[in-house]
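Observations on the model geometry
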Amino acid sequence: MYPPSFKLLVPQSLDEALKMLAEHGGEAKLLAGGHSLIPLMKLRLARPAYVIYLGKLKELSYIREEGDTIRVGALTTHSEIESSELLRERCPLLAETASKIGDRQVRNMGTIGGSIAHADPAADYPAALVALEAEVVLKSVNGERAVKVSDFIKGPYITDIDPQELITEIRIPVVNGAVGSSYEKLVFRASDFAIVGVAALIVLGKDGTAERVRVGMTGVAEGPVRAQGVEEELEGKKITEEDIDKASKKASEGLNPPSDIRASSEYRKAMAEALTRRALIKALSEAKKKA
Amino acid sequence: MPERRYLGKRIKRREDLRLLTGRGLFVDDLSLPGTVYAAFLRSSYAHARIKSIDTTRAEKISGVIGVFTGEYFKDKVQPLMTAWALTGADLKPIKWPVVVHDKARFIGDIVAVAVAEDPYTAYDALEAIEVEYEPLPVVTDMEEAVKPGAPVIHDEAPNNVAFTWRLTGGEDFDSIAAKADHVMRQRLVNHRLIPSAMETRGALAHYNASTGELTVWVTSQNPHVHRLIMSASLGIPEHKLRVIAPDVGGGFGSKIPVYPGELIVSRLAMDLGRPVKWMETRKENFMGTHHGRDHITDFEVAYTRKGEVLGLRVRTLANLGAYLSTAAPGVPTILYGTMLSGPYKIKSVDVEVKGVLTNTTPVDAYRGAGRPEATYLLERVMDLVARELGMDPADVRRVNLVEKAPYNAVTGLIYDSGRYREVFEEALKRAEYSKWREIQSKARKEGRLIGIGISSYIEMCGLAPSRIARATGFGLGLWESAVVRIHPSGKVTVYTGSHPHGQGEETTFAQIVAEELGVPIEDVEIVHGDTAQTPFGMGTYGSRTTPVGGGAIALAARRVKEKARRIAASLLEARVDDVEYSEGKFYVRGHPEKQVTIQEVALASYTADKLPEGEEPGLEATVFYDPENFTFPYGTHVCVVEIDKETFKPKILRYVAVDDIGVVVNPLIAEGQVHGGVIQGLAQALYEYAVFDEAGNLLTAGFNDYMIPTAIDTPNVESYFVETPSPHNPLGVKGVGETGTIASTAAVVNAVLDALSHLGIKHADMPLTPYKIWEILKEKGVKA
């Protein structure tokens, strides 16, 4: 597997990278961890004239809490996210999701920005990020903008990114209080992309009623989706396991998941329900511990 | 018997230091000055006539040396034909042109070859070759392929049947069926697998026009066989062709055959006057290197109300793909049909196999080769019979197991040695079979899905002897060669015709020689893989390397030792009969102070001034060893699984293997072979499957789609050995390379189906992925 020839550009700063993108945007691809781009290039399915290697931009690798927002730099690796004490404390859903991506080697190289930019319809992060109502920050020489992840991913491998832009940051609103969360991922073989992945988040009020329920799913549609029927069913209730059993059945409402050689659309719908139930039960039990 | 110093010891693999530290030397590590690179354009269609090929644009790319089509090779390289001509089966003379010129018959067929200064440019050139195809109707399904009116792939086989092979043994099936209490019919699919060795295939060819010598480094399990076939196809005399298989990164059978690639680069090296190298990409490996298994079988089994299996009538279609690969015809016939009595006292076997041609990648030997398919069938039979009769599957096997060896199976094989029933009971005991049955019954009440699967197998391996190989139409004998050479300093070099490529025989062979000669193991080096160094030999496959190759080595070592004894007697001025040998020293019986070391004898054999009358100088022996019969390892594996009730994902809770592989040379390595084999077999049960679409495109052409289980997916495999020496070779060994793969597929499938048996599920075809299990239950209308 030999890619066609390309020019490798190695910017030393974000500004330099943005200038390169301004010049070559349409013909360039950004290289971070390389797990998506390099296989595509080797199969000659991606044929960029320029590859802009972002590895020197240490300024885009960070995890910090500022005010009511957690900011994760685009070049932060999955293993950094998985092992971040800040995230484990303040946003465990993202850390757990990162820990279930691929295998150790993939997590050591792959970055959150790269994963979001590639927008694989079965990627893990998007399920958690839509449940967390996170935003993607995009920058170009013309300025900066923030887009909700749910708007940013428009379809399989399709995003709302301009050829001149790069992702600099993921912003996650801090959720305080009695919060519980879980990411459930079904694979037939370890380290694969999800057959179905479900991220659940429950926030309990002082009296134990669910103030907020969020369910994000991956692998069941062209991009990440929220199970709004499930969320509505449970919000405002003092949730029991029976409630979750009942609500989970709504997880597949309106879905038309893909069929492929691994599994049928119908199986994925059944699994969306099963994993929603599992994720919610874990999230509820976590939230109750903190209530 | 003196205490063994090396044989039977857990000695670490000496090859691992180089292999694990990246110091192995594989074909792709080699490059000669001036090497150019070949890339192959594979067909865009699984079946198409080639109308025209325009190479002009590709040839103009800077760095491209040339582009060559089928027309170029047509008269220069003879097409490949199978080496296993299968006696009495009306085998059709199917030819495989190295580069196709008239039509392509599967998506791996090579349509053109680009040669460039570097591989990147060669692949650029492939994109610039313009081929005009006339697509033809495609058939990938073998049941469709044998129907009247199906697309014809080769004119030589108008109904796409390459051969029809029949074996009947024992009583007539119909008469035994008439006497039986029950006859059951079932259809079984043993689906297609892709061998997926860690190293893909490739070759580097160098031609010396001054001497007319061609040297080819190639990924091969059998370099001498490669040389013989390549010599015939290329028209280069055998003595001018040197084939070297350096370190080889696994094969599982896929590096036995000769393929177009090595012939193409060889011919181009001669024509271009520069070394030519080609290494498969992973995608090419999936598409172009042969696949394994792929049977559809309908069987009838006649049995009594006590569970005695009296007879089997088996009708199998074996998908052979678009061409007949080197050993392909023998795999679903000789290595399958003759094994259909298994370790059981079956009185009648009537098997017919049709080898079917389809527009798919050719199918040939894959770890176990025919024997896993036979074992799978028999072990499903045992479980199905148990189920029909309401018996415990263990009891059905107890009724049927062969009592003692030697045993004459109705298929004509003579099992060598074994304690089949003891091993069976030991496996059940070690796996705590009865306890698991209790757990299962409790778990079912809680709605949990736990299943227990048993698989008892016997396999013929140590592939030899020649008289049987030849009687089946195999193109060569099946023996093995060895040279044991003691140098003047007493150090030992061993040359073997086998070619281990991951199995660890550089270590186990050294153990054998060090034990036989009483020298330190560090003093023994094993050389293999180079036709210029080793005598003609048959290579490594069919679990034959230690029984046959090791047997040859042991005999050569013994012969050397006898010569050394004669020389020692002369040095000690004693009678040969009075000279004894122990731990590297010869001494006169009753006078242990009168002794010489084997090193001193070695030196004396080369100084040659004190040799006995008529003794030749030097200290070495060459042995060509043709065993009297196959060896027959056997064993019982037990698997316990639990299926998740929501995702339907099966998890293996326990896996126990008890195998009798005869004398165990190195338990550490043997256990490793069992572990790897079991995982490769359970992969078929639960994970791996090759899928072609209707147009003949391979949908599983990479590791992302073709599901090889990872280390994380695999269970702990508990491996135990029982040793009953085989009388068929000097070491008493039986072979271990394939036991795990042969046994485990059935053990795991039986366990999964056992977990579902109370839900009305009798049989389902592999692979039993979570989706498949969900689907089976849904079809049955079962809510688990």
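Residues numbered from 1 in each chain as written. Chains lettered and ligands numbered in written order. Predicted model: local features only at pLDDT ≥ 70, side-chain atom pairs only at ≥ 80, totals over all residues.

When you go through chain A residue by residue, the secondary structure sums to 12 helices and 14 strands. The dimensions of chain A, computed from C-alpha atoms along their principal axes, are 60 × 45 × 30 Å. Here chain A, with 291 residues, has 49% of them falling under the buried criterion. Relative to all contacts within chain A whose residues are 6 or more apart in sequence, the contacts with residues 24 or more apart total 65%. (Helix = DSSP H or I, 4+ residues; strand = E, 2+ residues; numbered from the N terminus. Buried ≥ 20, exposed ≤ 12 C-beta atoms within 10 Å, placed from the backbone. Contact = placed C-beta atoms within 7 Å.)

This part covers the overall build of chain B. Tallying secondary structure elements over chain B gives 21 helices and 28 strands in all. Computed over the C-alpha atoms, the radius of gyration of chain B is 27 Å, within 12% of the 28 Å expected from 2.2 N^0.38 for a compact globule of 784 residues. Considering only C-alpha atoms, chain B reaches an extent of 85 × 70 × 45 Å along its principal axes. Relative to its 784 residues, chain B shows a buried fraction of 59%. (Rg over C-alpha atoms; globule rule 2.2 N^0.38 Å.)

Attention now goes to the domain arrangement of chain B. Residues and elements named next belong to chain B. Here chain B is described as being made up of domain 1 (18-22 + 33-136 + 201-279), domain 2 (292-406 + 420-463 + 629-779) and domain 3 (479-625). At the interface, 19 residues of domain 1 touch 24 residues of domain 2. Here the residues of the side of domain 1 that touches domain 2 sort into 13 nonpolar, five polar and one charged. (Domains from an automatic or database assignment. Nonpolar A, V, L, I, M, F, W, Y, C, P; charged D, E, K, R; others polar.)

What follows covers the confidence of the model for chain B. A low pLDDT score tells you not to read the predicted coordinates there in detail. Scored by pLDDT, chain B has a mean of 96; 99% of the residues are at 70 or more. Here the predicted complex carries an ipTM of 0.95, next to a pTM of 0.97. (pLDDT = per-residue confidence, 0-100.)

This paragraph deals with the interface of chain A and chain B. Across the boundary between the two partners, chain A contributes 17 residues, which contact 23 residues of chain B. Top contributing element to the side of chain A that touches chain B by residue count: helix H12 (residues 265-290) of chain A, with four residues. Here the side of chain A that touches chain B is built from residues that sort into 12 nonpolar, three polar and two charged.

With that out of the way, let us pick up the pairing of strand E5 (residues 110-116) of chain B. All names here are of chain B. Of all the seven residues making up E5, seven are buried; the element is thus mostly covered by neighbouring parts of the structure. Relative to E5, strand E3 (residues 64-69) is paired through five bridges, and the arrangement is antiparallel. Considered in E5, the bridge of Val 67 is made with Ala 114. (Pairing = 2+ DSSP bridges.)

Turning our eyes to something else, we now look at the sheet that holds strand E12 (residues 276-279) of chain B. All names here are of chain B. A sheet is described by the order of its strands in space; here seven strands give the open sequence E3-E5-E1-E12-E9-E10-E11, paired in mixed fashion. The sheet is open, and its two borders are formed by E3 and strand E11 (241-244), each paired with just one other strand. Strand-to-strand twist across the sheet, computed as the mean angle between neighbouring axes with direction ignored, equals 20 degrees. Here strand E1 (residues 36-42) runs beside E12; their pairing, made up of two bridges, is parallel. Residue pairing in the sheet places Tyr 37 in a bridge with Lys 277 of E12. The strands touched by helix H4 (residues 119-128) within the sheet are E1, E3 and E5, with E1 carrying the most contacts at an inclination of about 30 degrees. The sheet contacts of helix H7 (residues 223-234) involve strand E10 (213-218) and E11, and relative to E11 the element is tilted by about 145 degrees. (Axes fitted to C-alpha atoms, helices over the stretch in contact; angles between N-to-C directions.)

Our focus in this paragraph is the nonpolar core. One finds Ile202(A), Ala38(B), Ala114(B), Val115(B), Val494(B), Val513(B) and Ile553(B) to be the most contacted residues of the largest nonpolar core, which totals 353 residues. With residues near it in sequence (within four places) discarded, Ala114(B) still touches Ala39(B), Ala58(B), Val64(B), Val67(B), Ala122(B), Ala125(B) and Leu126(B). (Core = buried A, V, L, I, M, F, W, Y, C linked by C-beta atoms within 7 Å.)

Frequently, the measure chosen for interface size is the accessible area that the parts lose on association. Residues and elements named next belong to chain A. Domain boundaries assigned for chain A yield domain 1 (7-53), domain 2 (58-172) and domain 3 (179-290). Placing a centre on the C-alpha atoms of domain 2 and another on those of domain 3 gives a separation of 20 Å. Opposite the 24 residues of domain 2 that make contact, domain 3 presents 22 residues. For the side of domain 2 that touches domain 3, the elements supplying multiple residues, two or more each, are helix H5 (92-99), helix H8 (125-131) and strand E8 (153-155). Counting residues per element, the side of domain 2 that touches domain 3 draws most heavily on H8, which supplies five residues. Residue composition of the side of domain 2 that touches domain 3, by class: 14 nonpolar, four polar and six charged.

Looking now at the packing of H7(B) against helix H8 (residues 260-272) of chain B. Residue and element names in this part refer to chain B. It is at 11 Å that the axes of H7 and H8 come closest, and there the two elements cross at 55 degrees. Comparing the axis directions of H7 and H8 gives the class oblique. With respect to the hand of their crossing, H7 and H8 are arranged in right-handed fashion. The segment H7 lies against H8, with Met 230, Ser 233 and Leu 234 engaging Glu 262, Leu 263, Ser 266 and Arg 267. (Parallel < 35°, antiparallel > 145°, perpendicular 65-115°, else oblique. Left-handed = near helix turned anticlockwise from the far one by under 90°.)

This paragraph deals with the sheet that holds strand E19 (residues 480-486) of chain B. All names here are of chain B. With mixed pairing, the four strands of this open sheet are ordered in space as E21-E20-E19-E25. In this open sheet, the two strands that pair with only one neighbour each are strand E21 (524-528) and strand E25 (620-625). Taken pair by pair, the neighbouring strands of this sheet meet at an average axis angle of 15 degrees, ignoring direction. When E19 meets strand E20 (residues 492-496), the two strands line up antiparallel, connected through five bridges. Following the sheet pairing, Val 484 is matched in E20 by Val 494.

So, on to unusual backbone geometry. Residues and elements named next belong to chain B. The linkage connecting Ala 405 with the following residue, Pro 406, adopts the cis geometry, with an omega of -5 degrees. The residue Pro 406 is located in the loop between helix H12 (393-400) and strand E16 (407-408) in this model. The omega torsion of the bond from Met 766 to Pro 767 falls at -10 degrees, within 30 degrees of zero and hence cis. Mapped onto the elements, Pro 767 comes out in the loop between helix H20 (739-755) and helix H21 (770-779). Although it is not a glycine, Glu 573 sits at a positive phi angle of roughly 55 degrees. With 9 C-beta atoms counted inside 10 Å, the residue Glu 573 sits in the exposed group.

The next subject is the pairing of strand E9 (residues 202-208) of chain B. Residues and elements named next belong to chain B. Most of E9 is tucked away: six of the seven residues are buried. As paired elements, E9 and E12 share four bridges and run antiparallel to each other. Looking at E12, one finds that Leu 204 is bridged to Lys 277. The pairing of E9 with E10 spans six bridges and is classified as antiparallel. By the bridge assignment for E10, His 206 is matched with Thr 215. Taking the residues that link successive antiparallel strands as the turn, the E9-E10 hairpin has four residues, and the phi of Gly 212 there is positive, at about 75 degrees.

Moving on to the packing of helix H11 (residues 371-389) of chain B against H12(B). Residue and element names in this part refer to chain B. Packing of H11 against H12 brings their axes to within 8 Å, and their N-to-C directions diverge by 115 degrees. Here H12 runs roughly perpendicular to H11, going by the angle between their axes. H11 and H12 meet at a crossing whose hand is right-handed. Residues Met 382, Asp 383, Val 385 and Ala 386 of H11 pack against Pro 393, Val 396 and Arg 397 of H12.

A few words now on helix H17 (residues 545-572) of chain B. Residue and element names in this part refer to chain B. The terminal C-alpha atoms of H17, which comprises 28 residues, lie 38 Å apart, in line with the 40 Å expected from a rise of 1.5 Å per residue. Where burial is concerned, most of H17 is hidden: 20 out of the 28 residues are buried. Directly after H17, the chain includes Glu 573, whose backbone phi takes a positive value near 55 degrees. (Expected span 1.5 Å × (residues − 1).)

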